[in-house]
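# Residue-level structural notes
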Amino acid sequence: MKKLTFIKAALIVITIIPAISYGQNQLKPKADMLKLIDKNFTDADKQYRLLIHHVPLDSMAETFEHNKWVSVAANNWVSGFYPGALLYLYKATKDTTLYNEGIRRLKVMEPEQKIDSHDIGFMMNDSYGVANQINPNANYKQVLITSANSLSKRFNPIVGCTMSWASQPGQFRVIIDNMMNLELLMWATKVTGDSSYAKIAITHANTTMKNHFRPDYSSYHLVIYDPATGAVIKKQTVQGAADESAWARGQSWGLYGYTMMYRETKDPKYLAQANHIANFILTNPNLPADKVPYWDYNAPGIPNVERDASAGAILASGLIELSHYTDVANAKRYMDVAEQIIKTLSSPQFKAKAGGNGGYILMHSVGHKPKNALVDVPLNYADYYFMEAMLRYKNLDKKAFLQ
Ligand code: GLY
C-alpha cells in the first residue's frame, strides 16, 4: 500500500516537474527575435510620440480611420488600452514622455472604477493594473479593488456568470470576452484576502467552459441565460460571421482567459481547456500560414476577407504564456506560432510605415464586421496585446516573465 503511494507520488513528480521546469529553464528567446522586437519598440516609441499629439485631454485614442484620429470617452470598453499601451512602451523603452502621458490619462479613467460594465476589467486592469505593476501604490490598488467590487455586482449566482451588456427582461447575456475580465477579480482576492472575488471568477470560468464551447472547442460568442433558472436560452454570435462560426477574436479571448485562470488557480482543467482551444486554432484549416487569423475562422469568402491583427496579437500573447505551463512538445508548437505571429505583424503587411497609420503600430484589425464598424483599421488593443506579447517574449527565460 505504502509502496503504491510512493510510486503514485513519484509519477506525479515525474509528470509535473518537466512542465514546470520547462518554463524556467528551457524557453529561451532567440537572438533574431529579440533584435526584431527591439526594433519594433524603437519604431513604436516614435509612432506613439506622434499619436499623443492627436488625443483630446478628456478622452482616449482608439483608432485612425479615413485619415482622422478617433478618440473615445473613458467609459468606452477600449479606453484603458491607450494608457496601457503607453505604459507597456515605457516598460520596453524607458521613455518617460510616454510614461507621463500614460499616468496623466489614468486620472481621466479614475471615475470609471464605479462604472456598471462587464468590460471594467479591460478598462481598469489594462491601465491601472499595468501602472500598479510598474509602480505599486495605494491609490492604484484602491481604484482596482473598487473596480473589482463593481464587476462583482454583475454576478448572478443562479446563472453562475457576470452579465454582459445591459439586461433585457428574462435574458442574461454572457459573451466569451468576459473571460478577460476575470483577471481583475483574481488579483483582488490576492491583494485583499477576500475569497469572494476569486469564487465569482472561478464560477464564471466553469459556467463558460460548460456552455460556451462546442465539441471541437471553438466557442460561441454569446450565450443567453434565463436569469431566474440559469437555463441556457440561446447560443449565438454578435460580432462573428454566423451563430455557428468561430469569431477570431473570441477564440483568442478564450485561449488567453483560460491560460490566465490556470496561472491563477493551478486547476488542471483550465490548462486542458486552454490546450484544447489552442489546438482548435492551430489545426484550423483557415488559419493562414503566417498565423494572423482572418476576422472569423468561418468567414464566407476566405481567403478574400479581412485579417484581424488584434486576434493575432492576443493569440501570440496567450500562447507565449501557455508555453510556460505545458509539456515540451506543445510549448515548442505554441512558441513557433507566437514567433510567427510576431514576425508577420512586424512585416510591412501589418506594421505601419514610420509616421503613418496615425501613429498606431499595427494596421488591419477588425472591430465589428457585421455592423461594418472599425473594419480594417488600427485599433489600440491590437497595439496593446502586440506589445504585451513582445514584452513576454523578451522575458521568456525569466521567472517573472509576465512582469
Ligand atoms: N469586447 C469586444 C470585442 O472584443 O470586440
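Refer to the preceding data block for the structure.
This report concerns the structure included in the present document. Each chain carries its own residue numbering, running from 1 in the written order of its sequence. Only residues with pLDDT of at least 70 get local features here, since the model is predicted, and only at 80 or more are side-chain atom pairs given and counted; chain-wide, interface and lining totals rely on the full set of residues. Side-chain measures were taken over the full set of non-hydrogen atoms in the model, leaving aside hydrogen atoms and water.

Turning our eyes to something else, we now look at the nonpolar core. Ranked by internal contacts, the top residues of the largest apolar core, which has 118 residues, are Tyr48, Met261, Ile281, Leu319, Leu345 and Tyr385. Put simply, DSSP marks the helices as runs of H or I at least four residues long and the strands as runs of E at least two long, and each gets a number from the N terminus on. Tallying contributions element by element places helix α14 (residues 380–394) first for this core, with 10 residues. Whether two residues are in contact is decided by their heavy atoms: any pair within 4.5 Å suffices. If we ignore the near neighbours within four places in the chain, the residues touching Leu319 are Leu255, Ala278, Leu282, Tyr334, Val337 and Ala338. In this text, buried Ala, Val, Leu, Ile, Met, Phe, Trp, Tyr and Cys residues form a nonpolar core when linked through side-chain atoms within 4.5 Å. We call a residue buried when its accessible area falls under 20% of the maximum for its residue type, exposed when it is over 50%, and partly exposed in between, using a 1.4 Å probe and counting protein chains only. Grouped together as the second largest cluster of nonpolar side chains are seven residues, Val159, Met163, Val174 and Val223 included.

This paragraph deals with the site of the ligand. Nearness of a residue to a molecule or strand requires only that one of the residue's heavy atoms be within 4 Å of it. Around the ligand lies a shell formed by Trp77, Asp177, Gln239, Trp247, Arg249 and Trp253. Any pair of N or O atoms that falls within 3.5 Å is considered a polar contact. Within protein, one atom must be able to donate a hydrogen and the other to accept it, and sequence-neighbouring residues count only if both atoms are side-chain atoms. Within the contact set of the ligand, a nitrogen atom lies 2.7 Å away from a side-chain nitrogen or oxygen of Asp177. Within the contact set of the ligand, an oxygen atom lies 2.8 Å away from a side-chain nitrogen or oxygen of Gln239. For the accessible areas, the method is Shrake-Rupley and the probe is 1.4 Å, while residue cover comes only from the protein chains on display. Within the complex, 93% of the 200 Å² of free accessible area of the ligand lies under protein. A class-by-class count of the residues in the shell around the ligand yields three nonpolar, one polar and two charged. Polar here means any residue other than Ala, Val, Leu, Ile, Met, Phe, Trp, Tyr, Cys and Pro, which are nonpolar, and Asp, Glu, Lys and Arg, which are charged; Gly is therefore polar.

Within a sheet, adjacent strands bond to each other through the backbone by hydrogen bonds, running parallel or antiparallel. Read from one edge of the open sheet, three strands run β5-β6-β7, paired in antiparallel fashion. Lying at the two open borders of the sheet, with one neighbouring strand each, are β5 (172–175) and β7 (232–236). The average angle at which neighbouring strand axes cross in this sheet is 20°, direction not considered. One ladder, built from four bridges, connects strand β6 (residues 222–225) with β7; its direction is antiparallel. Bridge pairing links Val223 to Lys235 in β7. Packed onto the sheet, helix α9 (residues 196–211) meets β5, β6 and β7 and runs at close to 105° relative to β6. Strand pairing is defined by DSSP finding a minimum of two bridges between the two strands. Axes here refer to lines fitted to C-alpha atoms; in helices the fit is confined to the stretch in contact. Angles between the N-to-C directions go from 0 to 180 degrees.

Along the chain, the position of Ser59 falls in the loop between α2 (31–51) and β1 (60–65). Beyond its immediate chain neighbours, meaning those up to four positions away, Ser59 contacts Ser71, Val72, Ala73 and Arg105.

Moving on, we come to the packing of α9 against helix α11 (residues 268–282). The interhelical angle for the contact between α9 and α11, taken along N-to-C directions, is 45°, at an axis separation of 12 Å. Overall, the two elements α9 and α11 adopt an arrangement that is oblique. At the point where α9 passes α11, the crossing takes the left-handed sense. Residues Ile202, Ala205, Asn206 and Met209 of α9 form the contact with α11, whose own contacting residues are Lys269, Tyr270 and Gln273. The residue makeup of the contact of α9 with α11, split by class, is four nonpolar, two polar and one charged. For this classification, under 35 degrees means roughly parallel, over 145 means roughly antiparallel, 65 to 115 means roughly perpendicular, and everything else is oblique. Note on convention: near helix rotated counterclockwise from far helix by under a right angle means a left-handed crossing. Clockwise means right-handed.

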